[in-house]
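Survey of secondary and tertiary structure
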Amino acid sequence: MIDLHVHSCFSDGDLTPEDLVQLAARSEVSALALTDHDTTQGLKPFLAACRATSGTPAAVEGLTGVEISADVPHGSMHILGYLFDPESQPLQRMLERIRTGRDERNLIILRQLRALGMALDEDALHRIAGEGVLGRPHIAQAMVAQGFVTSTSQAFSRFLARGKPGYAERYRPQPEEALRTVREAGGVPVLAHPVSLKVTRSRLVTIVEELVRHGLGGIEAYYPEHAPDVTADLVNTARMFGIVATGGSDFHGQGNPLIRLGRGFGALVVPIEAVEQLRRRAGTP
Ligand code: AMP
Ligand code: ZN
Ligand code: FE
Ligand code: FE
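The paragraphs below set out a description of the structure included in this document. (Residues numbered from 1 in each chain as written. Chains lettered and ligands numbered in written order. Predicted model: local features only at pLDDT ≥ 70, side-chain atom pairs only at ≥ 80, totals over all residues. Heavy atoms only, no water.)

Description of the coordination of the iron ion (ligand 3)
Rules: Coordinating donors are taken as N, O and S atoms within 2.8 Å of the metal, stretched to 3.2 Å for Na, K and Ca; because water is absent from the atoms, sites can appear incomplete. Going along the chain from the N terminus, every DSSP run of H or I of four or more residues is numbered as a helix, and every run of E of two or more is numbered as a strand. Burial here depends on accessible area, computed with a 1.4 Å probe over protein chains only, as a share of the maximum for the residue type. Under 20% is buried, over 50% is exposed, and the range in between is partly exposed.
Each protein donor to the iron ion (ligand 3) is listed here as Glu67 (OE), His78 (ND1) and His193 (NE2); together their distances run 2.0 to 2.2 Å. Each donor residue of the iron ion (ligand 3) belongs to the same chain, with the gaps between them written as E-x10-H-x114-H. Separating the iron ion (ligand 3) from the iron ion (ligand 4) is a gap of 3.4 Å, which Glu67 spans by donating to each of them. One end of the pair, Glu67, is in strand S3 (residues 61-70); the other, His193, is in the loop between strand S5 (188-191) and helix H8 (201-213), and 126 residues separate them in sequence. Judged by its relative accessible area of 6%, His193 falls in the buried class.

Structure (structure tokens):
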């Protein structure tokens, strides 16, 4: 079993990279990619923990990864990057710019919530986020902790989702820039959970065609929320363009307790060949 989409406490997941590797080893996950939002900070401890398992019966092969939100007019587009050089300066500059954009946005969200009578305790908020990238899921948790809402999903549906009174935009690179930057770092860019684009099947094919022209190397076909016919369709689309059909659980820990590492809701099976196919595409562009 493999899992190519996982978050740690360096973004909005709640396990450390080391704990993720331990969980993978116990769960018979033999290859794992850490794909935190907008940061590669967790990769060093993650890869070290993976290396420490090598040669044991529960060895976990570690892949470098990252997840980047791109700027699209509607729906949301997330680009996963795999097997890049984490030291790449253009990549780190782009991630830094995205994180600065988040800091600016967080201030606006907090100000808007305050104006709505929900002044969040910022120390508590930073304790919730830990040392990782602070995002809306952490703000939602802080709102629950202070009793302003009863659940994080209520925090989103009333205040934090796009179009709601607490929402603010943040800087996102254009899709082409995200693809190019991952490629320049020797990595393989993959379109994450294509259902979040919220477009028809034929529009999706047009979008993928355009992204492939800019270096897209794969589609995340296997994903907990994809029904079998959706996955089959996406596998076909990947085949049509000669790119890799990848997959993962988008595990966040207790943030979404129904999702299990490697297994999603239980039926997820990501083909092991995806790792080798990604490796063949990685390297200098
Ligand atoms: P951010 O990166 O700060 O914009 O937050 C995006 C994250 O918030 C997503 O990756 C989801 O985990 C979470 N999220 C977005 N919309 C919702 C929602 N309607 N309900 C619960 N969580 C959400
Ligand atoms: Zn996340
Ligand atoms: Fe995502
Ligand atoms: Fe994710």
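Considering the coordination of the zinc ion (ligand 2)
Put simply, the rule reads: Tetrahedral means four donors with every angle between 85 and 135 degrees, whereas square planar (four donors) and octahedral (six donors) require angles over 155 degrees between opposite donors and between 65 and 115 for all others; sites fitting neither are termed irregular.
Protein coordination at the zinc ion (ligand 2) comes from Asp12 (OD), Asp12 (OD), His37 (NE2) and His252 (NE2), with a distance range of 1.9 to 2.5 Å. Metal-centred angles of 53 to 149° between the four donor atoms at the zinc ion (ligand 2) mark the site as irregular. Separation of the zinc ion (ligand 2) from the iron ion (ligand 4) amounts to 4.3 Å. Taken together, the positions of Asp12 in the loop between strand S1 (2-6) and helix H1 (17-26) and His37 in the loop between strand S2 (31-34) and helix H2 (43-53) put the pair 25 residues apart, joining distant regions of the chain. For His37, a relative accessible area of 12% gives the class buried.

Here's the deal with the nonpolar core
This is how it is decided: Among buried residues, the Ala, Val, Leu, Ile, Met, Phe, Trp, Tyr and Cys ones that are joined through side-chain atoms within 4.5 Å form a nonpolar core. Whether two residues touch is decided by their heavy atoms; if any such pair falls within 4.5 Å, the residues are in contact.
Core analysis: the biggest nonpolar cluster contains 64 residues, and Leu4, Met77 and Leu191 have the highest contact counts within it. Beyond its immediate chain neighbours, meaning those up to four positions away, Leu191 contacts Met77, His78, Ile79, Leu197, Leu204, Val208, Leu211, Leu216, Gly218, Ile219 and Glu220. By size, the runner-up hydrophobic cluster in this structure holds 17 residues, among which are Ile109, Leu113, Ala142 and Val149.

Re the sheet that holds strand S4 (residues 77-82)
The line we're drawing: What makes two strands pair is DSSP finding at least two bridges between them. Every axis corresponds to a line fitted to the C-alpha atoms, with the helix fit spanning only the stretch in contact, and the corresponding angles, defined between N-to-C directions, vary from 0 to 180 degrees.
The sheet built from seven strands is open, its strands ordered S1-S2-S3-S4-S5-S6-S7 with mixed pairing. The sheet terminates laterally at S1 and strand S7 (244-247), the two strands that pair on one side only. Each strand of the sheet is rotated relative to its neighbour by a mean of 35°, with strand direction disregarded. Of the strands in this sheet, S1 and S2 are in contact with H1, which crosses S2 at around 160°.

As for the pattern of salt bridges
The test is simple: Any carboxyl oxygen of Asp or Glu within 4 Å of a side-chain nitrogen of Lys or Arg constitutes a salt bridge here.
This structure, assessed with the given rule, holds nine salt bridges. We note a salt bridge from Arg102 to Asp38, for which the minimum N-O separation is 2.7 Å. In this pair, Arg102 is assigned in helix H3 (residues 89-115) and Asp38 in the loop between S2 and H2, connecting sequence segments 64 residues apart. Each member of the pair, Arg102 together with Asp38, is buried. In this structure, Arg172 engages Glu169 in a salt bridge whose closest nitrogen and oxygen atoms are separated by 3.3 Å. The class of Glu169 is partly exposed, set by a relative accessible area of 45%. Each of the salt bridges in this network shares a partner with another, and the network as a whole consists of Asp38, Arg102 and Arg170.

Brief notes about the pairing of strand S6 (residues 218-222)
Going by this rule: Crossover handedness is defined here as right-handed if the route from the first strand over the helix to the second strand goes clockwise, with the strands pointing away from the viewer.
Of all five residues in S6, five are buried; the element is thus mostly enclosed. Pairing of S5 with S6, which is carried by two bridges, proceeds in the parallel orientation. Directly across from Val190, in S6, lies its bridge partner Gly218. Of the crossover connections in this fold, the one passing from S5 over H8 to the parallel S6 is right-handed. Relative to S7, S6 runs parallel, the two being bridged by four bridges. Each residue of the ladder has a partner; that of Gly218, found in S7, is Val244.

Quick word on the packing of H3 against helix H7 (residues 175-184)
Basically, it comes down to this: Crossing handedness follows the turn of the near helix against the far one: under a right angle anticlockwise gives a left-handed crossing, and clockwise gives a right-handed one.
The interhelical angle for the contact between H3 and H7, taken along N-to-C directions, is 140°, at an axis separation of 8 Å. Here the hand of the crossing between H3 and H7 comes out left-handed. Contacts between H3 and H7 involve Pro90, Leu91 and Met94 from the former and Glu177, Ala178, Thr181 and Glu184 from the latter.

Considerations on the site of ligand 1
Filter applied, for reference: Residues are labelled near a given molecule or strand when at least one of their non-hydrogen atoms is within 4 Å of it. Two N or O atoms count as a polar contact when they lie within 3.5 Å, although within protein this holds only if one can serve as hydrogen donor and the other as acceptor, and sequence-adjacent residues are included solely when both atoms are side-chain atoms. Note on areas: these come from Shrake-Rupley sampling with a 1.4 Å probe, and a residue is covered only by the protein chains present in the view. Under this grouping Gly is polar, as are all residues other than the nonpolar Ala, Val, Leu, Ile, Met, Phe, Trp, Tyr, Cys and Pro and the charged Asp, Glu, Lys and Arg.
The local shell around ligand 1 consists of His37, Arg102, Arg105, Gly135, Arg136, Pro137, Phe156 and Arg170. Between an oxygen atom of ligand 1 and a side-chain N or O atom of Arg102, the distance comes to 2.8 Å. Between ligand 1 and the protein, one listed contact pairs an oxygen atom with a side-chain N or O atom of Arg105 at 3.0 Å. About the coverage of ligand 1: the protein hides 65% of its 500 Å² of free accessible area. Listing elements by their share of the shell around ligand 1, those giving two or more residues are H3 and helix H5 (136-145). Across the shell around ligand 1, the residue classes break down as two nonpolar, two polar and four charged.

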